[in-house]
Structures are given as C-alpha cells and as structure tokens.
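Structural overview
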Amino acid sequence: MIKKVLVVGAGQMGAGIAQVCAQAGLEVLLNDQKEEAVQKGLGSIDKLLSRSVEKGRITEEEKKATQNRLTTSTGLQDAGDCDLVIEAVVEKMEVKKTVFRELDGIVPQHAILATNTSSLAITEIAAVTKRPDQVIGMHFMNPVPVMKLVEIIRGLQTSDETFQAIEDLTQRLGKVPVSAKDFPGFVSNRILMPMINEAIFAVYEGVATVEDIDTSMKLGMNHPMGPLTLADFIGLDTCLYIMEVLHEGFADSKYRPCPLLKQYVQAGWLGKKSGRGFYNYDETTG
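Just so it is clear, the model here is predicted, and its values are computed rather than measured. (Residues numbered from 1 in each chain as written. Predicted model: local features only at pLDDT ≥ 70, side-chain atom pairs only at ≥ 80, totals over all residues. Heavy atoms only, no water.)

1. As for the pattern of salt bridges
Our working definition: Here, a salt bridge means any Lys or Arg side-chain nitrogen found within 4 Å of an Asp or Glu carboxyl oxygen. Helix and strand assignments follow DSSP, with helices taken as H or I runs no shorter than four residues and strands as E runs no shorter than two, numbered in order from the N terminus. Think of it in three bands: residues with accessible area under 20% of the maximum for their type are buried, residues over 50% are exposed, and the middle band is partly exposed, with areas taken using a 1.4 Å probe on protein chains only.
One pass over the full model with this rule turns up ten salt bridges. Among the ionic pairs, Asp-104 bridges to Arg-131, the shortest N-O distance being 2.7 Å. Pair noted here: Asp-104 is in helix 4 (residues 93–104) and Arg-131 is in the loop between helix 5 (122–126) and strand 6 (135–140), with a separation of 27 residues, a long-range link. Two residues, Asp-160 and Arg-154, come together in a salt bridge whose shortest N-O distance is 2.4 Å. In this structure Asp-160 comes out as exposed when scored by relative accessible area, which is 54%.

2. Let's talk about the nonpolar core
The tendency in soluble globular proteins is for nonpolar side chains to be buried side by side. Our working definition: In this text, buried Ala, Val, Leu, Ile, Met, Phe, Trp, Tyr and Cys residues form a nonpolar core when linked through side-chain atoms within 4.5 Å. What makes two residues a contact is simply this: any of their non-hydrogen atoms within 4.5 Å.
Formed by 33 residues in total, the largest nonpolar core has its most connected members in Leu-84, Ile-86, Met-138 and Phe-140. Residues in contact with Phe-140, not counting those within four places in the same chain, are Met-13, Ile-17, Val-20, Ile-86, Asn-116, Leu-149, Val-150 and Leu-173. Grouped together as the second largest cluster of nonpolar side chains are 25 residues, Val-203, Leu-228, Leu-246 and Leu-261 included.

3. Structural notes on the UniProt feature "domain: 3-hydroxyacyl-CoA dehydrogenase NAD binding" (unreviewed entry) in the chain
For clarity, the threshold we go by: UniProt positions are given in the numbering used here, feature names are shortened, and annotations may be inferred rather than shown by experiment.
Taken from the UniProt record, the annotation "domain: 3-hydroxyacyl-CoA dehydrogenase NAD binding" (unreviewed entry) applies to residues 4–182. End C-alpha to end C-alpha, residues 4–182 measures 27 Å, and it is 40% helix and 22% strand.

4. Notes on the layout of surface pockets
What counts, and what does not: As defined here, a cavity is a set of points on a 1 Å grid over the protein atoms alone where a 1.4 Å probe fits but cannot get out. A pocket is an open set with protein on both sides within 12 Å along at least five of seven lines, and residues line them when an atom is within 4 Å of a point. Grid points are joined across faces, edges and corners, and a volume is the space filled by probe spheres set on the points. Only Asp, Glu, Lys and Arg are considered charged in this grouping, and only Ala, Val, Leu, Ile, Met, Phe, Trp, Tyr, Cys and Pro are considered nonpolar; every other residue, Gly among them, is considered polar.
The calculated volume of the largest pocket comes to roughly 1600 Å³. Lining of the largest pocket is provided by 44 residues; of these, Met-13, Asn-142, Phe-233, Ile-234 and Thr-238 occupy positions nearest its centre. For the lining of the largest pocket, the secondary structure elements donating two or more residues are helix 1 (12–23), helix 2 (35–54), strand 6, helix 7 (188–204), helix 9 (227–234) and helix 10 (236–250). Sort the elements by how many residues they give to the lining of the largest pocket and helix 7 lands first, with five residues. Looking at side-chain class alone, the lining of the largest pocket contains 21 nonpolar, 15 polar and eight charged residues. Approximately 670 Å³ is the volume found for the second largest pocket. Together, 24 residues line the second largest pocket, and Gln-19, Leu-48, Ser-52, Pro-145 and Val-146 are the ones closest to its centre. Elements with a contribution of two residues or more to the lining of the second largest pocket: helix 1 and helix 2. Of the residues in the lining of the second largest pocket, the class split is ten nonpolar, eight polar and six charged.

5. Regarding the environment of Leu-103
With respect to the helices and strands, Leu-103 occurs in helix 4. Separated by ten residues in sequence, Leu-103 and Leu-113 have C-alpha atoms that sit 8.1 Å apart.

6. With respect to the pairing of strand 2 (residues 27–31)
The criterion, for reference: For two strands to be treated as a pair, DSSP must find at least two bridges joining them. With the strands pointing away from the viewer, any crossover whose connection runs clockwise from the first strand over the helix to the second is right-handed.
By the criterion of burial, strand 2 is predominantly enclosed, with four of the five residues buried. Of the pairings in the sheet, the one linking strand 1 (residues 4–8) to strand 2 comprises five bridges and is parallel in character. Looking across to strand 2, one finds that Lys-4 is bridged to Glu-27. Taken together, strand 1, helix 1 and strand 2 form a β-α-β motif whose crossover is right-handed. Sheet topology note: the strand 2/strand 3 (residues 70–73) ladder contains four bridges and is parallel. Across the sheet, residue Leu-29 finds its bridge partner in strand 3, namely Thr-71.

7. Some details on the sheet that holds strand 5 (residues 112–115)
Counted only if it meets this: Fitted lines through C-alpha atoms serve as axes, helices being fitted only where they are in contact, and the angles separating the N-to-C directions of these axes extend from 0 to 180 degrees.
Here we have eight strands laid out as an open sheet, ordered 3-2-1-4-5-6-7-8, and mixed in their pairing. In the strand order of this sheet, the two ends are held by strand 3 and strand 8 (176–181), each with one partner. With strand direction ignored, the average angle separating the axes of adjacent strands in the sheet is 25 degrees. Examined bridge by bridge, strand 1 and strand 4 (residues 84–87) share four bridges and lie parallel to one another. Looking across to strand 4, one finds that Val-8 is bridged to Glu-87. Lying over the sheet, helix 1 contacts strand 1, strand 2, strand 3, strand 4 and strand 6, oriented at roughly 170 degrees with respect to strand 2.

This is the structure in structure tokens:
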C-alpha cells in the first residue's frame, strides 16, 4: 500500500502532482534542489486550494488537512522511507537518469520509481537502476489538479505488480488511467504533437492565419483550444523537443519538426512563458 510519496521537482507539474496526492490522503514530500523553488511550489498549491475553498469544492478544514500532509525537501536522501517517488524534473534523459540512479540507492527495497516524462523511454530510464521491474511512467496532464487523464507506461522490464499498484493509485487520486506501451510519445503526444506540428506547417506555408487555423480546429473539430494556442501554452521549446524525440525514435519523416517551430525557439519565442509565441502575451493581453 502506497502511503508516503516523494515528488521530485516543485515546478508546475510537480506541485500539481504533490497537491493531488496530498488531497487523496497521502503523506507527501515536495522536493527540489533549491528552497525557493519548493516554497514557490507550495505557494501555487496554496493558491489553488484557496480557490477551491472559495468555489465551494472543498472546505477550509480539507484545505488545512491537505497542507498538513505536505512537507518540503531539498535532498533526495529524504526518500529513505517513501513507498513511491514521482519524478517531475526537466524533460532531459541524462538528468532523469542521474536522478533515478541516485534514488535507487536511497529508497526502500519495495519502493516504486515513477517518471512523469511526456515522451522519453521508460526502458532506458529503468536500465540505470537495480530495480527496473519497479520503474514505470506516470504521465500526468497539465494542469494536474484539473485534468483527469494519467498515462501509465510500462517499460520492457516493468512488472505486473508495479503496474497494478500505480493503476490503483491513479484511481485513488481521482484520475482515469490509460495504459500505453513504451514507444516515443506514448499515446497522447504521439497524436497531439504531429497535429500541432502540422498546424505550424500550415502557418509556415501561408495556408491561413494563426487565428483562422485555431478557429477552424475549435469550431470545426470542437477542440476547446486551437493547436497554436495550445502550443504556446505548452511551450514551443517543449513541442520542438517532443517532435525531435518522435523523429529520432521512429526515424520517420512524418515527425520532422517544422522549420518555423525551430526558428521561433531559436528566437526565444517560446509561447506564453516568454511573452511571445504564435500570439503576443504582453501586460494588456495577459
């Protein structure tokens, strides 16, 4: 039974994962290398919980109980008595391998090591540990407290017991699990990213304006958000990175990143987080 969880990485994803775990009654350690990053993560959790109280989704007592289950950590050695670690650090294979290699020597023998990667090979990450059967992908969607889906990805070595434990936990968190095999991009990003990339090609080739492409997909396909708005929200650097993982992983030209996407990233136009992407996000437009 999973009772105590360490979440590595206190950014938007890590803080969201920590929040839903704490709300589900788990004891949670929110970890990051810097204290200021951990405090920023806690601040965003407090803001979201306060909003839920205001909207009547939870009571003030439930908010306090959730916060009481959350503690902070700036060292991976704090994972010594955890049943599960969920890693949510930067989407770079070498960084993830370093984290997993270190965690493998710290966590108890029974502990499961999960990665929130959106596209990288679980099998490769698992291979740096002495417990590859207890390594699994647990890909949450952003924003974590709102989005219901969690992709559970089995590496080549992942055991049935590990998969079952994570599937049960996902349901306990109030999420809906889907099972995916360890292929580049899994299910969601293998389908989503080429669609976004194709929308960028449509801009690149002058087929239509950014606004008209987004309107076509919203009104014609009933998407809640156009693909170019979504790309800006995800981060164009992240979109490019995932397209490169798909292109390299499948060696298929259909996954070739659009040159315009590369150019925007080179220019530092990364979307909403940088203030400029396919749309302009200044003080007036938010």
